[in-house]
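Listed below, chain by chain, are the residues.
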Amino acid sequence: MNLELFIAKRLITGKEHKISISAPIIKIAIAAIAIGVVMMLVAIATGVGLKRKIREKVAAFNGHIQISNYDNNNSDVSVTPISLNQDFYPEFKDVEGVAHVQAVALKGGIIRTEDTFEGMLAKGVGKDYDWTVFREYLVAGRLPDFSGKLNDEVLLSKMMANRLQLNVGDSFYSFFLKDGDASKVPNNRRFKIVGIYDSGFEEFDATYVFVDIRHVQRMNQWEEDQIGSFEVFLDDFDLLDEKSNEIYGKTVSSLDTQNIKTKYYRIFEWIGLFDFNIALIIGIMIIVGGINMITALLVLILERTQMIGILKALGSANWSIRKVFLYNAAYLIAVGLFWGNLIGLGLLYFQYKYRFLKFPNPEEYYINYIPVYLNVPTVLLLNLGVMLLCLLMLLLPSYIITKITPVKAIQFE
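Residues numbered from 1 in each chain as written. Predicted model: local features only at pLDDT ≥ 70, side-chain atom pairs only at ≥ 80, totals over all residues. Heavy atoms only, no water.

## Examining the pairing of strand β1 (residues 65–69)
Where burial is concerned, most of β1 is hidden: 4 out of the 5 residues are buried. Here 4 bridges tie β1 to strand β11 (residues 229–234), and the two strands are oriented antiparallel to one another. Counterpart to I67 in the pairing with β11 is F230. In the sheet, β1 pairs with strand β12 (residues 255–259) via 5 bridges, with the strands oriented antiparallel. Bridging from a neighbouring strand, I65 pairs with N259 of β12. (Buried < 20%, exposed > 50% of the residue type's maximum accessible area, 1.4 Å probe, protein only. Helix = DSSP H or I, 4+ residues; strand = E, 2+ residues; numbered from the N terminus. Pairing = 2+ DSSP bridges.)

And the structure:
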């Protein structure tokens, strides 16, 4: 039988424990742990959720890795075509962890209506294009179908549709320069809007119009097997740098590879700061909770001074008595963790389900609601870390028990 655990249980379940002087202090300590856990869960879930959403949106428009020609071109427009007949297309068999490869071509142009005009980047896509993410962004109409014959269907952003005063079912004319030469008569195309999307990413929504890739090929006078670039999607974003190098080594020397972290380094530097903020919040909350537990432990020791003296007189070792109070403290921390997880996970579930918390300035965060993401291993690791760190912080104040002498302790009032 574990004597220390038995005594700790009696102290916890005893009636005098609930009406003692330390009762309010203990409740405050439990509340501090619970509030700290809620704050940590919210910080992790919202920070990671926002990072994942931003990464997802950037990847939706660019893929995780782009494979293109060395054409010394700093713009997004496809200038020098590459052959569609590559060893890695349509499946990248030489590199593990590649989820999908798709061919695209980009061409700059102007949308002209009776009242206004807008610059745009026509993104030519084909039947291999993965529309999965855009189903979530779709706000009106449907996604275009480029699997059959060449058609005039396009997917337009809500931002551009509002500026041009267009809606689903409307048609518009667009103009594209021939080979970038302004002296030539531009190519003219008439497109029909079949769907409107809203990703919340202003940088992309104000630019991209999704069209059939065969339009771009014809305007550029390319062959059917010539495209602008390949977009590669990975199973695990955390392996982006490693897979980028691996894919670069598996492609021919005339092709270049670039990942979205390099292309949009400012965005990824910004979201990289989220990790520091999360760590800072966790550290502060653990320190606050630990200090409250130290206060509660010292009050418990002071309240049980006579019991400590009696146990010492009966021959109990200092470490054995310290374990009694550490068991007691572990129980209080566990209660705080229980309520903290219950409240924190409950709030996060409702936010995930109903999205009731919105950003006051969504254009700065590229999303209008606060996204959350949390997995079971993270929750378990957080709870285990809080428990262990708080107990480690209590080891030093529990040392005061060694300074209590039996004679003075038994006489203590």
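## Details of the pattern of salt bridges
This model, assessed by the stated rule, comprises 9 salt bridges. Notably, a salt bridge pairs E153 with R142, separated by 2.5 Å at the nearest N-O pair. Of this pair, E153 sits in strand β6 (residues 153–157) while R142 sits in the loop between β5 (138–141) and β6, placing them 11 residues apart in sequence. Relative accessible area serves as the criterion here: at 16%, E153 is assigned to the buried category. A salt bridge links E246 to K243; the shortest N-O distance between them is 3.4 Å. Of this pair, E246 and K243 both sit in helix α8 (residues 240–250), 3 residues apart, which is roughly one turn of that helix. (Salt bridge = Lys/Arg side-chain N within 4 Å of Asp/Glu carboxyl O.)

## Let's talk about the side chain of K51
Position of K51 among the secondary structure elements: in helix α3 (residues 23–62). Relative accessible area serves as the criterion here: at 15%, K51 is assigned to the buried category.

## Observations regarding the pairing of β6
Taking burial as the measure, the 5 residues of β6 include 5 buried ones, the bulk of the element. Of the two faces of β6, the one holding E153, L155 and S157 and the one holding V154 and L156 are both buried throughout. In this structure, β6 lies alongside strand β8 (residues 187–197), joined through 5 bridges in parallel fashion. The residue of β8 that forms the bridge with V154 is I193.

## Observations concerning the side chain of K243
The class for K243 is buried, based on a relative accessible area of 9%. Once you skip the residues sitting within four places of it in the chain, K243 turns out to touch I65, V95, E96 and L234. (Contact = heavy atoms within 4.5 Å.)

## Description of helix α11 (residues 305–313)
Looking only at α11, the buried set comprises T305, M307, I308, G309, L311 and K312. Backbone geometry just downstream of α11 places G315 in the positive-phi region, at approximately 105°.

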